[in-house]
Amino acid sequence: MERIVLVGKPNCGKSLLFNQLTGLRQKVANFPGVTVELKTGQFDQFEVVDFPGTYSLHSLSKDEEIAVEKLNLAVDDDDTRLVVCVLDAARLERSLVFALQVQALARKNNKAVVFVLNMIDEVERYGLNIDIKALQKELGAPVYALSAKTLKGVAAFKEALPSLAKQAQAPTELNIQLGEQRKFIERAREINAEYGIRSDVVLKNQNRIDTFLLNNVLGGIAFLAIMFFLFQSIFTWAQPLMDGTEAAIGWIASTLTGVIGPGIVSDFLNDAIFGGVGAFLVFVPQIMVLTLIIGVLEDSGYLARAALICHKPLSLFGLSGRSFIPYLSGHACAIPAIMAARTIESPRKRLITMLTIPLMSCSARLPVYALLIAVLIPKDATFLGVFDLQGAAFFGLYFFGILMALVVSTLMNVFTRKSKELKDMPFILELPSYRLPHWKPLFQRVINSGLQFIKRAAPVIFVISLCLWTLGYFPQGAGLENSLLGKIGHFIEPVFEPLGLDWRYGVAMIMSFLAREVFVGALGTMFGMSGAEENIAGLAAQIQADGLTLGAGIGLLLFYVVALQCVATVAMLRAETGKSRIAWGLYAGYGILAYLIAVIAAHIV
């Protein structure tokens, strides 16, 4: 299939334009480094390839290295018909350095080039305009002004794109050779001075807000307040949705089992399906709320400021300010967060960041936290008489994970400091303009986060719940204690006794290596089979009635903060580092550390 290549500097709106062309829902956000792998889609009869944002053909970070390598191969490929260079209309000079290099590369390989002047709505918001025809003549290639956010000019560009891709590019003599970096910078500066808008106009409003948000004292206080608000919202905003989901699942369960009547089928539906799979569905709204808040921070441009605020303190632990973005992404899922670490220029800091991302509390831990916090802390309890105590406990768990990551980072920094292969690189970060979120793709991302969580976790939980139910149900009538599952559980129980937990928790913890959220489904299935009244909403009450101690509960929570209970994360670490011993060594190390912390908590609380 013939190909259209989409390139540009980070944060120029390239991924949003890709979505508008292909109809896909690739993640977009207002900070550099969102696209860290090649994404493909289809437009008309062409394949469209979205490359990671890059500042220059002379790569600095890991994602730029990947982009440049793949771009050279793509431009040399006969199937590539057109190279689309996306420019930031409000920051033309920064975009042009890379775009002019790409234009020279494309002309060297006789490929057609077109420039897209994106975010033209921001230029117009300042009451300014850009002479598109003159700029087109200066660049020697078609230029289309549009806004991928407001859709202004997008229809005209989509209409012209097929014919642009079919036009053959005649060989062109290069005015600047590809290796002459300084000349590309000078050329970009000249063009921007002639056709671009004044930078002080763009920075005026931005600097006014940054004066507060980047202040040494006020900025830090604002950062902590925003982070605390984020974790409080996970409980407070999601609670009505969780209650509604809970009620709906309970109604379906009682209706179906009432129609079927007592028997093995009814037991299977109650214990395996609604007790196992249903138990984790209640927590999907919390994941969606977390995605929404993080999405607003990304789209507004605040995340890049947070990375800048965090650079100095993070550097004390051997990290980079850019580590903040993978760390925060890790609170949604470790897989894309590990990939996002490619944007970190320093190989050493990139490795340390990747190896400590699993200590961030991802969305898969949310069901475990929510269940155990509900068991240990009363629903109406408050902190300082104002804050919800359950939300404060959530914040404490997330903070503990971050604290552990910093401690481990410090140790790794000491042991890797003398490595010749892992050299340090300078910290470079572009601060994007403040913008209102693009609500449509944001809400699509929120809904997709819930659907993807269900799609990823539900099949695994169903299979495990089915196996647990079968092992626990037979021999029929023997009871859970004397079932096949009971015998297996009692065999491994001595390992979990120091944690103050019995065999049921041990089975659920082992099963959760496939996916952390399996713990809730597995526990729900086993407590349903133990003779307690089947009630998904009352799983926490069943655990309370069973006598889970405060020390054992806190130890279990801390275990899941630290332990690397996710086979997919181990696989991603193996792929990114290229070394199995690192991935599995990290799994074993975090597992042992988590076990020791849980034992200590169980005995001192």
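Calculation rules
- Residues numbered from 1 in each chain as written.
- Predicted model: local features only at pLDDT ≥ 70, side-chain atom pairs only at ≥ 80, totals over all residues.
- Heavy atoms only, no water.
- Core = buried A, V, L, I, M, F, W, Y, C linked by side-chain atoms within 4.5 Å.
- Buried < 20%, exposed > 50% of the residue type's maximum accessible area, 1.4 Å probe, protein only.
- Contact = heavy atoms within 4.5 Å.
- Salt bridge = Lys/Arg side-chain N within 4 Å of Asp/Glu carboxyl O.
- Helix = DSSP H or I, 4+ residues; strand = E, 2+ residues; numbered from the N terminus.
- Phe/Tyr/Trp six-rings, centres within 6.5 Å; stacked < 30°, edge-to-face > 60°.
- Axes fitted to C-alpha atoms, helices over the stretch in contact; angles between N-to-C directions.
- Parallel < 35°, antiparallel > 145°, perpendicular 65-115°, else oblique.
- Left-handed = near helix turned anticlockwise from the far one by under 90°.
- Nonpolar A, V, L, I, M, F, W, Y, C, P; charged D, E, K, R; others polar.
- Pairing = 2+ DSSP bridges.
- pLDDT = per-residue confidence, 0-100.

Caption draft 1: Geometry of the nonpolar core. Judged by nonpolar contacts, the single largest core of 104 residues is most densely connected at Phe324 and Phe519. Discounting residues that sit within four places of it in the chain, phenylalanine 519 has contacts with Val368, Tyr505, Ala508, Met509, Ser512, Leu556 and Tyr560. Formed by 41 residues, the second largest nonpolar core is a distinct cluster that contains Val75, Tyr126, Leu139 and Ile185.

Caption draft 2: Quick peek at the pattern of salt bridges. On inspection of all chains with the given rule, the structure shows 12 salt bridges. Its salt-bridge partner being aspartate 50, residue lysine 14 comes within 2.8 Å of it at the nearest N-O pair. One end of the pair, lysine 14, is in helix α1 (residues 14–22); the other, aspartate 50, is in strand β3 (residues 46–50), with 36 residues separating them in the sequence. Of the two residues, lysine 14 and aspartate 50, neither departs from the other in class, the shared state being buried. With its nearest N and O atoms 3.1 Å apart, the salt bridge here joins aspartate 210 to arginine 305. With aspartate 210 in helix α8 (residues 199–213) and arginine 305 in helix α13 (residues 302–315), this pair connects stretches of sequence that are 95 residues apart. What makes arginine 305 buried here is its relative accessible area of 0%. Where salt bridges share partners, they join Arg3, Glu47 and Asp77 into one cluster.

Caption draft 3: Summary view of the environment of proline 326. Checked against the element boundaries, proline 326 lands in helix α14 (residues 324–329). A relative accessible area of 0% means that proline 326 is categorised as buried. Separated by 13 residues in sequence, proline 326 and methionine 339 have C-alpha atoms that sit 8.1 Å apart.

Caption draft 4: Structural detail: the packing of aromatic side chains. Tallied over the full model, the rule gives nine aromatic pairs. Geometrically, the ring pair formed by phenylalanine 394 and tyrosine 398 is stacked, given 6.0 Å between the ring centres and 25° between the ring planes. Pair noted here: phenylalanine 394 and tyrosine 398 are both in helix α18 (residues 389–416), with a separation of four residues, about one helical turn. Judged on exposure class, the residue phenylalanine 394 and its partner tyrosine 398 are both buried.

Caption draft 5: Broad picture of the packing of helix α24 (residues 550–562) against helix α26 (residues 580–604). It is at 8 Å that the axes of α24 and α26 come closest, and there the two elements cross at 160°. When the axes of α24 and α26 are compared, the pair comes out roughly antiparallel. In the packing of α24 onto α26, the handedness of the crossing is right-handed. For the pair formed by α24 and α26, the contact residues are Gly551, Ala552, Ile554, Gly555, Leu558, Phe559 and Val562 on the first element and Tyr590, Gly591, Leu593, Ala594, Tyr595, Ile597, Ala598, Ala601 and Ala602 on the second. Here the contact of α24 with α26 is composed, by residue class, of 13 nonpolar, three polar and no charged.

Caption draft 6: View of the side chain of arginine 365. Of note, arginine 365 is situated in the loop between α16 (347–356) and α17 (366–376). Each residue touching arginine 365, except ones within four places of it in the same chain, is listed here: Pro358, Met360, Arg516, Tyr560, Val561 and Ala563.

Caption draft 7: Region of interest: the sheet that holds β3. Taken in spatial order, the six strands of this open sheet run β2-β3-β1-β4-β5-β6, and their pairing is mixed. Two strands in the sheet have a free side with no partner beyond their single neighbour: β2 (39–43) and β6 (143–145). For this sheet the average axis-to-axis angle between neighbouring strands, irrespective of direction, equals 25°. Strand contacts of α1: β1 (3–8), β2, β3, β4 (80–88) and β5 (112–118), with the helix running at about 40° to β2, the strand carrying the most contacts. Across the sheet, helix α3 (residues 92–108) touches β1, β4 and β5, and the angle it forms with β4 is around 165°.

Caption draft 8: Structural context of the pairing of β2. Across five bridges, β2 lies against β3 in antiparallel orientation. Across the sheet, residue threonine 40 finds its bridge partner in β3, namely valine 49. If you look at the hairpin formed by β2 and β3, you'll find two residues sitting between the two strands, and aspartate 44 has a positive phi there, around 55°.

Caption draft 9: Here's a closer look at α17. Taken across its 11 residues, α17 has nine buried, putting it largely inside the fold. Restricting attention to buried positions, one finds in α17 the residues Leu366, Pro367, Val368, Tyr369, Ala370, Leu371, Leu372, Ile373 and Val375.

Caption draft 10: Representation of the confidence of the model for the protein chain. Residues with a pLDDT of 70 or more make up 84% of the protein chain, whose mean pLDDT is 80. Of the regions scoring below 50 in pLDDT, residues 28–36 engages in 46 contacts with residues more than four places distant in sequence or in other chains. For residues 529–537, every residue scores under 50 in pLDDT, and the model assigns this stretch 25 contacts once sequence neighbours within four places are set aside.

Caption draft 11: Broad picture of the packing of α16 against α18. At a minimum axis distance of 10 Å, the contact between α16 and α18 shows a crossing angle of 145°. Note that α16 runs across α18; the crossing there is right-handed. On α18, the residues that touch Arg348, Ile352, Leu355 and Thr356 of α16 are Ala405, Val408, Ser409, Met412, Asn413 and Thr416.

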